[in-house]
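# Residue-level structural notes
Below are the chains, spelled out letter by letter.
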Amino acid sequence: QVQLVESGGGLVQAGGSLRLSCATSGLTFRPYGMGWFRQAPGKEREFVAGITRSDGSTYYADSVKGRFTISRDNAKKTMYLQMNSLRPEDTTVYYCAAIYSTTASLYNARSYNYWGQGTQITVSS
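Here's what I pulled together on the structure shown here. Keep in mind that what you see is a predicted model, and the values were worked out from it rather than measured. (Residues numbered from 1 in each chain as written. Predicted model: local features only at pLDDT ≥ 70, side-chain atom pairs only at ≥ 80, totals over all residues. Heavy atoms only, no water.)

### A closer look at the environment of I121
- Relative to the helices and strands, I121 resides in strand β11 (residues 119–124).
- Accessibility expressed as a relative area gives 0% for I121, which makes it buried.
- On a C-alpha basis, the gap between I121 and S7 in space is 10 Å, while along the polypeptide they are 114 residues apart.
- In contact with I121, not counting residues within four places along its chain, are G9, G10, L18, L20, M83, D90, T91, T92 and Y94. (Helix = DSSP H or I, 4+ residues; strand = E, 2+ residues; numbered from the N terminus. Buried < 20%, exposed > 50% of the residue type's maximum accessible area, 1.4 Å probe, protein only. Contact = heavy atoms within 4.5 Å.)

Structure, rendered in structure tokens:
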């Protein structure tokens, strides 16, 4: 059974930092691209960052570029999202996801095969 479990969410003041982790089990991990998404109530799931399975290339939404860093540790089967300079508008639920396809877009939530349950990030002003 494949499981993706996010951790590291919480409450932080604007300008602060958090580090999210996405621990996987039941997944070979290395062959999967990985991504972080976020979703506010009543809105579509939004791409935040992605990392490829092959060379570890990274991709970011414009809204987080320069503030967030995605990384992965294949030995630990875990992905991370370092979030710096957090803003109140970053407040929402964050999800990690795994994608097997090498041709589908990392930016498209529908391309992903597995999802975590989500973790809440709240940034106070």
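### Re the state of the cysteines
- Tallying each qualifying case throughout the model produces 1 disulfide.
- In this model C22 forms its disulfide with C96; the gap between the sulfur atoms is 2.1 Å. Because the sign of the S-S torsion sets the handedness, a value of about 60° for the bond joining C22 and C96 places this disulfide among the right-handed ones. One end of the pair, C22, is in strand β3 (residues 18–25); the other, C96, is in strand β9 (residues 92–99), and 74 residues separate them in sequence. As far as the burial class goes, C22 and C96 line up, both buried. (Disulfide = S-S within 2.5 Å.)

### Looking at the pattern of salt bridges
- In total, this model carries 4 salt bridges according to the counting rule given.
- Between E46 and R38 there is a salt bridge, with its nearest N and O atoms 3.0 Å apart.
- Taking the relative accessible area as the measure of exposure, E46 reaches 34% and is therefore partly exposed.
- A relative accessible area of 6% places R38 in the buried class.
- Its salt-bridge partner being K65, residue D62 comes within 3.1 Å of it at the nearest N-O pair. Considered together, D62 and K65 belong to a single accessibility category, that of exposed residues. (Salt bridge = Lys/Arg side-chain N within 4 Å of Asp/Glu carboxyl O.)

### Quick word on the packing of aromatic side chains
- Counted by the stated rule, this structure contains 8 aromatic pairs.
- Plain terms: the ring middles of Y59 and Y107 are 6.2 Å apart, the flat faces sit at 65° to each other, and that makes the pair edge-to-face. Of the two residues, Y59 sits in strand β6 (residues 58–60) while Y107 sits in the loop between β9 and β10 (114–115), which places them 48 residues apart along the sequence.
- Taking relative accessible area as the criterion, Y59 reaches 33% and is therefore assigned partly exposed.
- On the accessibility criterion, Y107 (43% relative accessible area) is partly exposed.
- Measuring from ring centre to ring centre gives 5.7 Å for Y112 and W115, while their planes differ by 50°; the resulting arrangement is tilted.
- You can call Y112 buried: its relative accessible area is 7%.
- One aromatic cluster is present, formed by F37, F47, Y59, Y107, Y112 and W115 through successive ring pairs.
- The ring of Y80 carries the charged tip of R19 above its face, separated from the ring centre by 4.0 Å.
- For the cation-ring pair, R72 lies above F29, with the distance from its terminal atom to the ring centre recorded as 4.5 Å. (Phe/Tyr/Trp six-rings, centres within 6.5 Å; stacked < 30°, edge-to-face > 60°. Lys NZ or Arg CZ within 6 Å of the ring centre and 35° of its normal.)

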